[in-house]
Amino acid sequence: MTQLRFYDTMRRTADPFEPLGEPVRMYSCGPTVYHDAHLGNLRTYVFVDMAKKVLRHTGLTVRHVMNITDVGHLVSDGDEGEDKMEVGARREGLTAWDIAKRYEAGFIRQCLALNIAAPDILSRATAHIPQQIDMIATLEDKGLTYRTGDGIYFDTSKIDDYGKLTGSSREGFEAGARVDAGDKRNPTDFALWKFSAEGEQRQMEWDSPWGTGFPGWHIECSAMARQYLGDQIDIHTGGIDHIAIHHSNEIAQTECCTGKPFAHTWMHGAFLEATDGVKMAKSSGEFLTVFTLEERGIDPLAFRLLCFRTHYRKRMLFSWKHVEDAATALRRLRLRIKTLNDEAEAVPPTSEAANRHIARIEAALRDDLAMPQVMVELQTILKSKALEPGEKLGLVARYDSLLGLELRREIDGPLPTDLAKAAWEEATRAGGSDPVTL
């Protein structure tokens, strides 16, 4: 059997995956819940879902943690401007807490529609303030922080390999910094704790050894990953937009706290780019979601199929024609499988021809999630003259739950969502919070 390989952003190679131990410890950067996640965000979560399912498919156990950023993510990469939660609250005339609940629930509903399985632990940043404060205190004790007028900052000049995830030299990384230094000592320094402005009553703020305020975005993920997965993890996932800043900052602060390499494998999904003049940036006020697809009568799983047609590390183009073509293809797949079910008398023993198809699918799954090849192989199976209808049906059944496309929908009907909802609710409880209303 082909060995499982994943591409690691740090090493820039697709290497055989060797777990640090069991279970495989996997952390995923979740949404900032000031607005709905858009299809570009959800493309990343589809790839994360497949990575987790393939790990389990190969016989490994996985402990998967995903965060909910419900405080501390500012509107600029330079630790300036407002907290996105406060912006969302003002936009909709709600409290920041209610905004967080609304869009966390919306995120989960979109994941359910795309058959994205719940993590084992869904952890909110606001439920882990003490862990973040403790981690900042450790960095302070090591002489890696300093105070400015607006917060406590990590001094990136104190470490030699800051930005190593980008593959750039320190000089090149700093030369390309996108923000002004302001009161910071270095452009790449980042906030660990932000002070509430004098005379301001924030909706989300906490006492700390440094003053009343709130945590920076980056410290949240480091603290929650350590809380539930320990000092070292096997896999950390996110979008490629996280590489230069968010994940570089996570690495710096975590490794300085622990003295150990943080993640063995860094996996990043590429961008989705719209070609119909539709914006994917939330700042535009107009962007596509699963809810947009449903309003147009498009099965959300057509988008999941569309994601499988492009490798997760390659730029994916979105247009209405692309997703409508995928919806048509999904309908035809399901109808073809219903026809096979009507024709099949029984599922015969697996033939040599069927085993060859299985081997090719397994090889593609294990080759850094080569989903385009998997989908080509599935079409080849359905068109094969060497396979009996029952064999084809058996091969589809073997991979249907893994793919999450509900290929047997015309036979079995839509999958019930009760168990999937319960899993998301349990994940929230495991993260120390009450679940939102779905």
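Below is a summary of the structure that appears in this document.

**Points about the pairing of strand 3 (residues 24-28)**
Among the five residues of strand 3, four are classified as buried, and the element is accordingly described as predominantly covered. Relative to strand 4 (residues 62-68), strand 3 runs parallel, the two being bridged by five bridges. Pairing of Val24 across the sheet is with Val62, part of strand 4. For the segment spanning strand 3, helix 1 (residues 39-57) and strand 4, crossover handedness is right-handed. Here strand 3 pairs with strand 10 (residues 233-239) via three bridges, running parallel. Bridge pairing links Ser28 to Thr237 in strand 10.

**Looking at the pattern of salt bridges**
A side chain with one charge may pair with a side chain of the opposite charge, provided their charged atoms come close. Inspection of every chain in the model, using the stated rule, returns 31 salt bridges. Linking Lys338 and Asp342 is a salt bridge whose minimum nitrogen-to-oxygen distance equals 3.4 Å. One end of the pair, Lys338, and the other, Asp342, are both in helix 10 (residues 320-343), four residues apart, so they sit about a helical turn from each other. Here Lys338 falls in the partly exposed class, since its relative accessible area comes to 31%. Connected through shared salt-bridge partners, Asp299, Arg334, Glu406 and Arg409 make up one network.

**Quick word on the sheet that holds strand 4**
The sheet built from five strands is open, its strands ordered 5-4-3-10-11 with parallel pairing. Of all the strands in the sheet, the pair left with one neighbour each is strand 5 (121-124) and strand 11 (263-269). Looking at each pair of strands side by side, their axes are set apart by 20° on average, direction ignored. Packed onto the sheet, helix 7 (residues 243-258) meets strand 10 and strand 11 and runs at close to 155° relative to strand 10.

**Some thoughts on the packing of helix 11 (residues 352-366) against helix 13 (residues 389-403)**
At a minimum axis distance of 11 Å, the contact between helix 11 and helix 13 shows a crossing angle of 20°. Taken together, helix 11 and helix 13 sit at an angle that is classed as roughly parallel. In this structure, helix 11 crosses over helix 13, and the sense of that crossing is right-handed. Facing helix 11, whose interface residues are Ala354, His357, Ile358, Ile361, Glu362 and Leu365, helix 13 presents Glu391, Leu395, Arg398, Tyr399 and Leu402. Class assignment for the residues of the contact of helix 11 with helix 13 results in seven nonpolar, one polar and three charged.

**With respect to unusual backbone geometry**
Across the junction of Glu22 and Pro23, the peptide omega takes the value 0°, indicating a cis bond. Relative to the elements of secondary structure, Pro23 occurs in the loop between strand 2 (13-16) and strand 3. In this structure, Asp368 takes a positive phi of about 55° despite not being glycine. Relative to the assigned elements, Asp368 resides in the loop between helix 11 and helix 12 (371-383). For Asp368, a relative accessible area of 2% translates into the label buried.

**Comments concerning the pairing of strand 8 (residues 190-195)**
For strand 8, a buried count of six out of six residues is recorded, marking the element as mostly surrounded by other parts of the structure. Alignment of strand 7 (residues 151-154) against strand 8, held across four bridges, turns out to be antiparallel. Bridge pairing in strand 8 places Phe154 opposite Phe190. In the sheet, strand 8 pairs with strand 9 (residues 213-215) via three bridges, with the strands oriented antiparallel. If you follow Phe195 over to strand 9, its bridge partner there is Gly213.

**Some thoughts on empty space enclosed by the protein**
A full pass over the atoms with the stated rule returns two cavities of 30 Å³ or more. Reported here for the largest cavity is a volume of approximately 110 Å³. Lining the largest cavity are 14 residues, with Val46, Phe47, Cys307, Thr310 and Tyr312 positioned closest to its centre. Elements with a contribution of two residues or more to the lining of the largest cavity: helix 1 and helix 9 (300-308). It is helix 1 that provides the largest number of residues to the lining of the largest cavity, a total of five residues. Looking at the lining of the largest cavity, its residues break down into nine nonpolar, four polar and one charged. Taken as a whole, the second largest cavity holds about 60 Å³ of empty space. Looking at side-chain class alone, the lining of the second largest cavity contains three nonpolar, four polar and two charged residues.

What counts, and where the lines are drawn
Residues numbered from 1 in each chain as written. Predicted model: local features only at pLDDT ≥ 70, side-chain atom pairs only at ≥ 80, totals over all residues. Heavy atoms only, no water. Buried < 20%, exposed > 50% of the residue type's maximum accessible area, 1.4 Å probe, protein only. Helix = DSSP H or I, 4+ residues; strand = E, 2+ residues; numbered from the N terminus. Pairing = 2+ DSSP bridges. Right-handed = clockwise from strand over helix to strand, strands pointing away. Salt bridge = Lys/Arg side-chain N within 4 Å of Asp/Glu carboxyl O. Axes fitted to C-alpha atoms, helices over the stretch in contact; angles between N-to-C directions. Contact = heavy atoms within 4.5 Å. Parallel < 35°, antiparallel > 145°, perpendicular 65-115°, else oblique. Left-handed = near helix turned anticlockwise from the far one by under 90°. Nonpolar A, V, L, I, M, F, W, Y, C, P; charged D, E, K, R; others polar. 1 Å grid on protein atoms, 1.4 Å probe; cavity = no way out; pocket = protein on both sides within 12 Å on 5 of 7 lines; lining within 4 Å. Points joined across faces, edges and corners; volume = space filled by probe spheres on them.

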